[in-house]
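So you can see what is in the structure, the chains are spelled out below.
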Amino acid sequence: MRDTGIIKDKATQKHVEALVSKLRRRQVVGSHATAVETVLLMRQVISSAKFNSLDQLVAIVKAAGRQIIEAQPKEHSIGNIVRKVLRLIREEFNAAAAAAGASASHSSTPPARSSQLPPLTPASAVVPSSSSLSNFVLLGHPRSHQSLAVEQASKGHPRQSSTHSEHAEEFKAMSVKPALIDAIKDVIDELETVYDGVAKNARDHIHADEIILTIGKSRTVEAFLKSAAHYRKFTVIVAETAPSFSGRDMAQSLSASGISTVLVPDSCVYALMSRVNKVILGAHAVLANGGVFAISGSLIAASAARAHATPVVICTGQYKFTPLWNLYHEYAAVDFGDPAEVLAVKDSEGIDMDKVDIVNPYYDYVKPELVDVLITNEGDHPPSYVYRVVKEAYDEEDSDL
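Residues numbered from 1 in each chain as written. Predicted model: local features only at pLDDT ≥ 70, side-chain atom pairs only at ≥ 80, totals over all residues. Heavy atoms only, no water.

Participant: Explain the side chain of Gln-72 here, please?
Facilitator: Inspection of the secondary structure puts Gln-72 in the loop between α3 (54-71) and α4 (76-107). With relative accessibility at 10%, the residue Gln-72 sits in the buried group. If near-sequence neighbours (up to four positions away) are discounted, Gln-72 is found in contact with Leu-23, Arg-26 and Ile-78. (Helix = DSSP H or I, 4+ residues; strand = E, 2+ residues; numbered from the N terminus. Buried < 20%, exposed > 50% of the residue type's maximum accessible area, 1.4 Å probe, protein only. Contact = heavy atoms within 4.5 Å.)

In structure tokens, the structure reads:
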């Protein structure tokens, strides 16, 4: 890999390669799991990194980030976490630089000029104690001596300023690492509480006796519905979401929590939409234009909801907001599953398979005009506001890692 040489610590490089292997083997799957693994790796990289400047640390973090992104480019939360860490690095360095600059300017502030300058005494009044060369210089060039004193008092000694600059740089490099570790700990805490953060306002969005439709199994949507069930009585219709049939697990979990749940095949979504009050979906990633990558089948549900003027709500953690734009409108992130899950070999008898393309996409791309609101752990946002959230969360120079 082209970035392996930037990371000097061998133990850290082994940690990076271990995560790369897990991602390629799909041992770590899903936005939340990959985000947690990424932030833990970033903490390890920064803890062991040796750097003397901001650019050096940024290069090390980007080198580690590129390796894991290339291992699984479809997991957009990896790049989001790397960008967030880079933003934190610059913030901490800027804070350290400001503190060092303030300290240096305070220590180098000269006292009042009247206390620094010698009295202006005419040369004829100076009585030499001996006929040394130094006394001759003082007598012959009193103005030069006074001018030098004035210049030093007003501008400060250049050698002294250089020393302060060097100390400021050293101060930043030495002190930024503990502050960064604390900042990354806050990111880890945010990921651990993201489900509770999204679910805390659930009762404001779900009302009594409503009928909610959802697709597949999303831990964020599951926590959201279970939280609302503490305050409201409502019914949830869950589509099976073939070929993974993850909707069955979702229906079982909601039913076990005392929520009235109906499991239906995917083909019934449009027919039931006229009775549905709200569609609530999870998200794999939220793009800068407000579009959403969601589990396959979400586009059908969102399109049916649009036809019946039914609101579509996306429940997602804000760490899934990415500065990227969708380039693959037909098959979302171009991440496909096993075609045999859609059409098994035993069912393909009599079919000329050379003339058939079997597509089993993991995700649908749901356009922003099909979404009404995004509920996150940091508040509610319309799709048109996502670009501002992204701009505030990441630095523009990190859009392309």
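Participant: I keep staring at the packing of helix α1 (residues 10-24) against helix α2 (residues 31-48) and nothing clicks. Help me out?
Facilitator: Where α1 contacts α2, the axes come no closer than 9 Å and their chain directions differ by 165°. When the axis of α1 is compared with that of α2, the two are roughly antiparallel. Classified by chirality, the crossing of α2 by α1 is left-handed. Note on element contacts: α2 touches α1 through Thr-34, Glu-37, Thr-38, Leu-41, Gln-44, Val-45 and Ser-48, opposite Thr-12, His-15, Val-16, Leu-19 and Leu-23. When the residues that make up the contact of α1 with α2 are grouped by side-chain class, the tally is 5 nonpolar, 6 polar and 1 charged. (Axes fitted to C-alpha atoms, helices over the stretch in contact; angles between N-to-C directions. Parallel < 35°, antiparallel > 145°, perpendicular 65-115°, else oblique. Left-handed = near helix turned anticlockwise from the far one by under 90°. Nonpolar A, V, L, I, M, F, W, Y, C, P; charged D, E, K, R; others polar.)

Participant: Explain the sheet that holds strand β8 (residues 363-366) here, please?
Facilitator: Pairing between the strands of a sheet comes from backbone hydrogen bonds, and it takes one of two forms, parallel or antiparallel. Taken in spatial order, the 3 strands line up as β5-β6-β8 in an open sheet, and their pairing is antiparallel. On the outer flanks of this sheet lie β5 (285-286) and β8, each paired with one strand and no other. Sheet topology places β5 next to strand β6 (residues 292-295); 2 bridges connect them, and they run antiparallel. Paired with Ala-285 across the bridge in β6 is Phe-293. (Pairing = 2+ DSSP bridges.)

Participant: Would you mind going over the pairing of strand β1 (residues 211-215) with me for this structure?
Facilitator: For a regular strand, the rule is simple: side chains alternate between the two faces of the sheet. By the criterion of burial, β1 is predominantly enclosed, with 4 of the 5 residues buried. Looking at chain direction, β1 and strand β2 (residues 235-239) are connected through 5 bridges and run parallel. Looking at the pairing, Ile-215 lines up with Ala-239 of β2. For the crossover from β1 across helix α10 (residues 219-228) to β2, the handedness is right-handed. Judged from the 2 bridges that link them, β1 and strand β4 (residues 278-281) form a sheet pairing that is parallel. Each residue of the ladder has a partner; that of Leu-213, found in β4, is Val-279. (Right-handed = clockwise from strand over helix to strand, strands pointing away.)

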